[in-house]
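Residue-level structure breakdown
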Amino acid sequence: MRMRTVGSTPATPGGVARRRLPAPAWLLLALTLVTAIPAHAERWICPDCPSEVVERARGAELVCPGCGTHYTVTEMAPPVAYINVSTRDTEISWFPLADSCRIYRPDGVEGLDDQGAIWVPWTAVEWYIPRMRLLRMINGRELATDYAKDLTYCPSPPKFAYEVTDSLTFPGKPATVFKQQGEYSLAELFIIAFTPEARDSARVRFVKEVEAGKHPRLPRTEPHVMRLPTVAAPPSVAKADLKAEAVVEVRVHESRGIIGAHMVKSTGVAALDSDAMRLAQTVSFSTAGELGVMVPSWVEVHVHYEGTGGRVEVTPARHGFWRR
Ligand SMILES: [Zn+2]
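It should be emphasised that the depicted structure is a prediction, and the values quoted were computed from it without experimental measurement. (Residues numbered from 1 in each chain as written. Predicted model: local features only at pLDDT ≥ 70, side-chain atom pairs only at ≥ 80, totals over all residues.)

Description of helix α5 (residues 270-280)
Think of an α-helix as 3.6 residues a turn; residues three or four steps apart then line up on the same face. We count it as follows: Exposure classification rests on a simple neighbour count of other C-beta atoms within 10 Å of a residue's own: a residue reaching 20 or more is buried, one at 12 or fewer is exposed, and one in between is partly exposed. C-beta atoms are placed from the backbone. Starting at the N terminus, helices and strands are each numbered in turn, a helix being any DSSP run of H or I of at least four residues and a strand any DSSP run of E of at least two. Distance between backbone-placed C-beta atoms decides contact: two residues are in contact if it is within 7 Å.
All of the buried residues in α5 are L272, D275, A276, M277, L279 and A280. Taken together, the buried residues of α5 touch β16 (243-253), β17 (257-265), β21 (297-306) and β22 (309-316).

Take a look at the structure:
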């Protein structure tokens, strides 16, 4: 391609071109040498027939001998990605990535098979869970990947701006939503998928892997209690033989503290229930973690009334981190 361009340029200025046409031998030799250097071929998956492995030079068109399709770099990047950020779903524009990382390119992601690196076009990715180094292709085949943030691979992976929505839900008040904007690198996103359905199936896989203990270096961490309130039954209902328990489920946001509370076990006494609800919201927590990333979580605050005093206990909520 380049050779033809160089050769045709001098043809434009008429007579001058004729004199230049017999290119000097050294120039022809130089051009021959340049074009004779074999471009380093990589192994790529065809976006249309993902069982086909295609030899392709970096950045060149992908030409599949199986289906005959030609793909350019930009044709292998979908316009929208359906992602999960710290357990919350959202979607982003899949901007062309900077071409500066060993694992991620504008056109694909590097997987690993028994022969080494194999590049998968983004359009052939069903879902990708960077923190688990797990990539599933649209034909169901799964590949391992390297961990992007490893210093030798991709110390600063491309970043995406995101917006996620949470809600404030307290008893007696209308639920209100709030949005949170941020920026995460591709390596920190929990799930990358290109349809909402694929994201849903990746979520099932994500939770299953964590709960099977397959990622022991980054275990799930429940929020720690930083401060517990003292319990004293309201004077109107306090008596020496009082014994009652209220359980309040509380949502702990990763940066805002408690953003929701609801009663899951009543004492049967309205004055105790409303006191327990108030106390539960004064417990202070550190943030929960899932695969090393801060996430919102649910906990159960047990308020025990015993005589005129009592105590507070906190246990993980049974529904887990991924329930909204
Ligand atoms: Zn093909």
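Here's the deal with the nonpolar core
Rules: As used here, a nonpolar core is made of buried Ala, Val, Leu, Ile, Met, Phe, Trp, Tyr and Cys residues. They are joined through C-beta atoms within 7 Å.
Grouped together as the largest cluster of nonpolar side chains are 42 residues, with contacts concentrated most on Y104, V109, V125, W127, I129, I191 and I192. Contributions of two or more residues to this core are made by β1 (41-45), β5 (80-85), β8 (116-121), β9 (125-129), β14 (191-193) and α4 (196-211). Residues in contact with I192, not counting those within four places in the same chain, are A81, I83, W127 and Y128. One finds V252, L272, M277 and V299 within the second-largest nonpolar core, a separate group that totals 20 residues.

Considering the sheet that holds β22
Here is the rule we go by: Two strands form a pair only when DSSP identifies at least two bridges running between them. With axes taken as lines fitted to C-alpha atoms, and helix axes fitted only over the stretch in contact, angles between N-to-C directions fall between 0 and 180 degrees.
The strand order across the open sheet built from 4 strands is β17-β16-β21-β22, with neighbouring strands paired in antiparallel fashion. The open sheet has two edge strands, β17 and β22, and neither has a second partner. The mean angle between the axes of side-by-side strands here comes to 25°, regardless of whether they run parallel or antiparallel. Running over the sheet, α5 touches β16, β17, β21 and β22 and is turned about 35° from β16.

Observations regarding the environment of S286
In this structure, S286 sits in the loop between β18 (284-285) and β19 (288-290). For S286, a count of 14 C-beta atoms within 10 Å gives the class partly exposed. For the pair S286 and M226, spaced 60 residues apart in sequence, the C-alpha separation works out to 6.5 Å. The contact partners of S286, leaving out residues within four places of it in the chain, are P223, H224 and M226.

A short note on the pairing of β8
The pairing of strand β7 (residues 108-113) with β8 spans 6 bridges and is classified as antiparallel. Bridge pairing in β8 links V109 to V120. Here β7 hands over to β8 after 2 residues, the two strands then running antiparallel side by side.

Quick word on α4
For clarity, the threshold we go by: A helix is expected to span 1.5 Å for every residue after the first. What the arc describes is the spread of directions from the helix axis to the C-beta atoms.
Between its first and last C-alpha, α4 extends 23 Å over 16 residues, near the 22 Å set by a 1.5 Å rise per residue. Among the residues of α4, R199, A202, F206 and V210 are the ones counted as buried. Down the axis, α4 shows its buried residues gathered within 65° of arc, on one side only. Among the exposed residues of α4, those oriented more than 90 degrees off its buried face are E197, V204, K208 and E211. Those residues of α4 that are buried lie in contact with β5, β6 (88-93), β9, β14 and β19. Directly beyond the C-terminal end of α4, a positive phi value near 70° is found at G213.

A look at the confidence of the model for the protein
The predicted structure's coordinates, where accompanied by low pLDDT, should not be read in detail. The following threshold applies: For every residue, the predictor reports its confidence as pLDDT, a number between 0 and 100.
Residue-level pLDDT values for the protein average 87, and 87% of them are 70 or greater. Scored below 50 in pLDDT, residues 1-22 shows 8 contacts in the model against residues more than four places distant or in partner chains. Below pLDDT 50 for its whole length, residues 31-38 participates in 3 contacts with residues either more than four positions away or in separate chains.

Here we look at unusual backbone geometry
With a phi close to 55°, R133 is a non-glycine residue in the positive phi region. The topology assignment puts R133 in the loop between β9 and β10 (134-137). Judged by the 17 C-beta atoms lying within 10 Å of it, R133 is partly exposed. Phi is positive for L291, which is not a glycine, with a value near 50°.

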